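# Observations on the model geometry
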Amino acid sequence: MCGSADTVEAVNTVDTQWLTSAHVMIVAGKGGVGSSTVAAAAAVAAARDGADVLFIAVDGRPGMGALLGGREISDREQTMQRVDGGGRIRARSIPADQAFGDYLELKGVGGLLRRAASSASLPMIAAATPGLEHLLVLGKIKELEKEGVADLIVVDAPPAGHATPFIRSASGLSDVVKSGPVLEQAEEVAEMLADPQRCKALLVALPEETPITELMELATDLGDDLGLGLLPLVVNACWPDRSGLDKSPAMAARSHKLKLSDSAKSALESAADFGRSRLAQQREQIERLTEARDEPIITLPRLATPRLSPDDLAILADALVPDDE
Amino acid sequence: MNELDPHSLQRVIEESELLLTCGPGGVGKTTTAAALGVAAAQAGRRTVVVTVDPARRLADALGLDDGAASDEPHRVDDIGSTAEGGELWALMLDAEKTFDRLVREQSGSRKQAETVLNNPVYQAISGSLSGAQEYMAIERLHQLHVSGEWDLVIVDTPPSRHAIDLLEAPDRLVGFLGHPVYRALTVGQRTFAKITDAATSMFLWAVKRLAGPQIVEDTLEFFRSLANIEGGLRHRAKQVSVLLRGEDTAFVVVTSPRAEAVGEAEHLLDAIADKKFPLGGLVVNLIHPLPEPLSDADERLLADLDPGPLADQVEWHRELSTLATAEREELVEVERLAGDAPVIELPLLPVDIHDVPGLVDLAERLT
């Protein structure tokens, strides 16, 4: 059920305010489904709505800064773009060692411990405290949320198989760490993750069998098991549903009162044949997801380019929010 | 099937003893690794494929659906006609089990091994230590290679945005063992109280302040027990490093034509060349098919149609042509970086591959 008409139908069930329904939006999906792009589009959509958005690239992918209309994202916060109506997008990454330093400072840890920590270096401490690097990054995000530095913090979570360990680091750590500030930090992060007013997840897939299966697993894992609030499920890169493809080119031409040359028929059929099977698969997979999950589903259009530009991002941002009418 | 065919991996699967598929996530690495396994078995080689995190249906198809036992090789049947001796086996990497096996092998005694294996810090990190999965994929490759049971071992590497991590994994562990704090902790020291080295006692104090006193004892204990097998681990890291650069090894980079994936693949090809790993080939997967072009006369005839089925068809033809053309342009540079290695372009198929017949079909396209 992709396509202009169907997209409207699908998103009508979505609350128009969903983008900013929690302060932190963690965007996650398996590798290759475009979750970083969707995170960027969500940031643009919220900023257009007047929100002050902070985009956090956990695993800083090159090129994201340019896509957001600014310079390469670094560990120093930079303004990427301002939008008419007061909204803006700032962006930064959070390297684990920086989060560690900030954390020590926050805890009022004196110079002695800070020196000790730096002399030992983070990798050693991290080796002794598994999951710590992820937790430090989530802890920093939690601090930013607590300070209210932005209306919305969009977190582009690590890709592939790493999203779950990243989000689970808070609960996993308590198996080895029984006391001390690290445990405190883990508890505070777990508290934020469990509070849907403060934090929700935006899960992303492609309209293909394996990605949809993995999205359903991720939704079970993070939503049902871990208790993380889920935003609408996003199916990225959906081809517009063109019903005319169901006909043969000759039949299609007849309803336009045209007669096609053999070469034109053959050229159109070479494209239509591929399109029909992709569209059939797409419909089938979105239907499967609809049956399996209660969350609303948003479909984003497949753009005819392998390299997205800021203009393309604007199209995706439009598709993320339903019209107010 | 020509040996010199620049668009076939036939030679690589016939001559290598170790094959590693690597590349960004979501481009079909696991499927490619399995299909290369099929092709090798068909060519008469006794082949084992080590998969990492396969999609469920593919795992089922390979017989890897029974949990713990999947860490051992399972025979895959019905892979088409195979030359004499050709067999395909598959297993799913279990990083923790592989680490356990490594510790057992490198320990002087059973008791020594048990001390490490039972340590809570070891138990927590063996599966989750940053880079552990990458390192264990390579360790498993080594275990299978030296067992002498296989003509060809194919390892599908964990998806990584920093795919270079994989290549550096053995060196990273050695780096860890060489860290001054680690050295001070394990050289002749016996208790927390007796550690006099300033940086080290500060490290322990920091860990204690941050994560509590219990973990300090566990950490000390873990590092100390690790010291017993350190020599073995270092030796193994060196062996693996040599093995990965050997003439019987080949890396196959897999990518899709999406700009982000291509960027990562280029980075990976640079790193492979830079570190002198042998490149066996480049597979570009999931390419949209380029439709036959419309003639200029037909373009004019179909330029301004009213909405309707033919307009749908023309618009779709235009969109698919635009995307397919742009994808081919995106690939020029990465294919140049592959140098003399074979480059195989694979079309985006109408449906995902998740059964053995699909792999047999893909094997044919790869060779």
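Quick caveat, the model's predicted, so the values are computed rather than measured.

A tally of regular secondary structure across chain A gives 13 helices and nine strands. Out of the 325 residues belonging to chain A, those deemed buried represent 50%. Sequence-distant contacts, at least 24 apart, represent 72% of the contacts inside chain A between residues at least 6 apart.

Here the focus is the domain arrangement of chain B. If you check the domain split of chain B, you get domain 1 (10-167 + 247-288 + 331-366) and domain 2 (296-325). Of note, the centres of domain 1 of chain B and domain 2 of chain B, computed from C-alpha atoms alone, are 42 Å apart.

Before going further, it helps to examine the sheet that holds strand β3 (residues 74-76) of chain B. All names here are of chain B. The mixed open sheet is built from eight strands, whose spatial order is β3-β4-β2-β5-β1-β6-β7-β8. The open sheet has two edge strands, β3 and β8 (343-347), and neither has a second partner. Strand after strand, the sheet turns through a mean of 20 degrees between neighbouring axes, direction not considered. Of the strand pairs in this sheet, strand β6 (residues 249-255) and strand β7 (residues 279-287) are connected by five bridges, and their pairing is parallel. In the sheet register, Thr255 faces β7, and the bridge partner there is Val284.

A pair of packed helices is captured by two measures, namely the crossing angle of their axes and the spacing between those axes. Residue and element names in this part refer to chain A. For the pair helix α2 (residues 35-48) and helix α13 (residues 310-320), interaxial distance at closest approach is 8 Å and the crossing angle is 70 degrees. Taken as axis vectors, α2 and α13 run roughly perpendicular relative to one another. The segment α2 lies against α13, with Thr37, Ala40, Ala41, Ala42, Val44, Ala45 and Arg48 engaging Leu313, Ala314, Leu316, Ala317 and Leu320. Looking at the contact of α2 with α13 residue by residue, the class counts come to 10 nonpolar, one polar and one charged.

What follows concerns the confidence of the model for chain B. With 84% of its residues at a pLDDT of 70 or more, chain B shows a mean pLDDT of 84. Among the scores for the predicted complex, ipTM is 0.86 and pTM is 0.88.

Let's shift gears to the pairing of strand β5 (residues 152-156) of chain B. All names here are of chain B. Most of β5 sits inside the fold, with five of its five residues counted as buried. Alternating residues of β5 divide into Leu152, Ile154 and Asp156 and Val153 and Val155, and every residue in both groups is buried. One ladder, built from four bridges, connects strand β1 (residues 18-22) with β5; its direction is parallel. Its bridge partner lying in β5, Leu18 is registered against Val153. With four bridges connecting them, strand β2 (residues 46-51) and β5 associate as parallel partners. What sits directly across from Val48, in β5, is Val153.

Here the focus is the pairing of strand β4 (residues 88-93) of chain A. All names here are of chain A. Strand direction decides the pairing type here: strand β2 (residues 52-57) and β4, joined by six bridges, are parallel. Looking across to β4, one finds that Asp52 is bridged to Arg88. As paired elements, strand β3 (residues 78-82) and β4 share four bridges and run antiparallel to each other. Bridged to Gln78 within β4 is Ala91. The hairpin formed by β3 and β4 contains five residues between the paired strands, and Gly85 there has a positive phi angle of roughly 100 degrees.

So, about the nonpolar core. Judged by nonpolar contacts, the single largest core of 114 residues is most densely connected at Met25, Val27, Ala42, Ala43, Val53, Val154 and Val155 of chain A. At 10 residues, α2 of chain A tops the list of elements feeding residues into this core. Other than its neighbours up to four places away in sequence, Val155 of chain A contacts Val24, Met25, Ile26, Val27, Ile56, Val58 and Ile141 of chain A. Val49, Ala90, Leu282 and Val284 of chain B belong to the second-largest nonpolar core, a separate cluster that totals 86 residues.

Turning our eyes to something else, we now look at the confidence of the model for chain A. Within chain A, residue pLDDT values average 84, and 82% of them lie at 70 or more. The low-confidence segment residues 1-12 of chain A, where pLDDT is below 50, has 25 contacts with residues more than four positions distant or belonging to other chains.

Looking now at the environment of Ile94 of chain A. Residue and element names in this part refer to chain A. For Ile94, the location among the structural elements is in the loop between β4 and α4 (96-106). The class for Ile94 is buried, based on 21 C-beta atoms found within 10 Å. Placed 42 residues apart in sequence, Ile94 and Leu136 show a C-alpha to C-alpha distance of 9.2 Å. Apart from residues no more than four positions distant in its own chain, Ile94 is found in contact with Ile56, Val58, Asp75, Ala99, Val137 and Lys140.

Only a minority of non-glycine residues have a phi that is not negative, and only a minority of peptide bonds are not trans. For Ala237 of chain A, which is not glycine, the phi dihedral falls at a positive 55 degrees. Here Ala237 of chain A lies in strand β8 (residues 233-238). In the Ramachandran plot, Leu286 of chain B falls in the positive-phi region, its phi being about 65 degrees despite a non-glycine side chain.

This part covers the packing of helix α5 (residues 110-118) of chain B against helix α11 (residues 213-244) of chain B. Residue and element names in this part refer to chain B. Running from N to C, α5 and α11 point in directions that differ by 130 degrees, and their axes come no closer than 9 Å. Judged on the interaxial angle alone, α11 and α5 are oblique. Relative to α11, α5 is oriented so that their crossing is left-handed. On α11, the residues touching Gln112, Thr115 and Val116 of α5 are Ser225, Leu226, Asn228 and Ile229. In the contact of α5 with α11, the residues fall into three nonpolar, four polar and no charged.

Cut-offs and rules
- Residues numbered from 1 in each chain as written.
- Chains lettered and ligands numbered in written order.
- Predicted model: local features only at pLDDT ≥ 70, side-chain atom pairs only at ≥ 80, totals over all residues.
- Helix = DSSP H or I, 4+ residues; strand = E, 2+ residues; numbered from the N terminus.
- Buried ≥ 20, exposed ≤ 12 C-beta atoms within 10 Å, placed from the backbone.
- Contact = placed C-beta atoms within 7 Å.
- Domains from an automatic or database assignment.
- Pairing = 2+ DSSP bridges.
- Axes fitted to C-alpha atoms, helices over the stretch in contact; angles between N-to-C directions.
- Parallel < 35°, antiparallel > 145°, perpendicular 65-115°, else oblique.
- Nonpolar A, V, L, I, M, F, W, Y, C, P; charged D, E, K, R; others polar.
- pLDDT = per-residue confidence, 0-100.
- Core = buried A, V, L, I, M, F, W, Y, C linked by C-beta atoms within 7 Å.
- Left-handed = near helix turned anticlockwise from the far one by under 90°.

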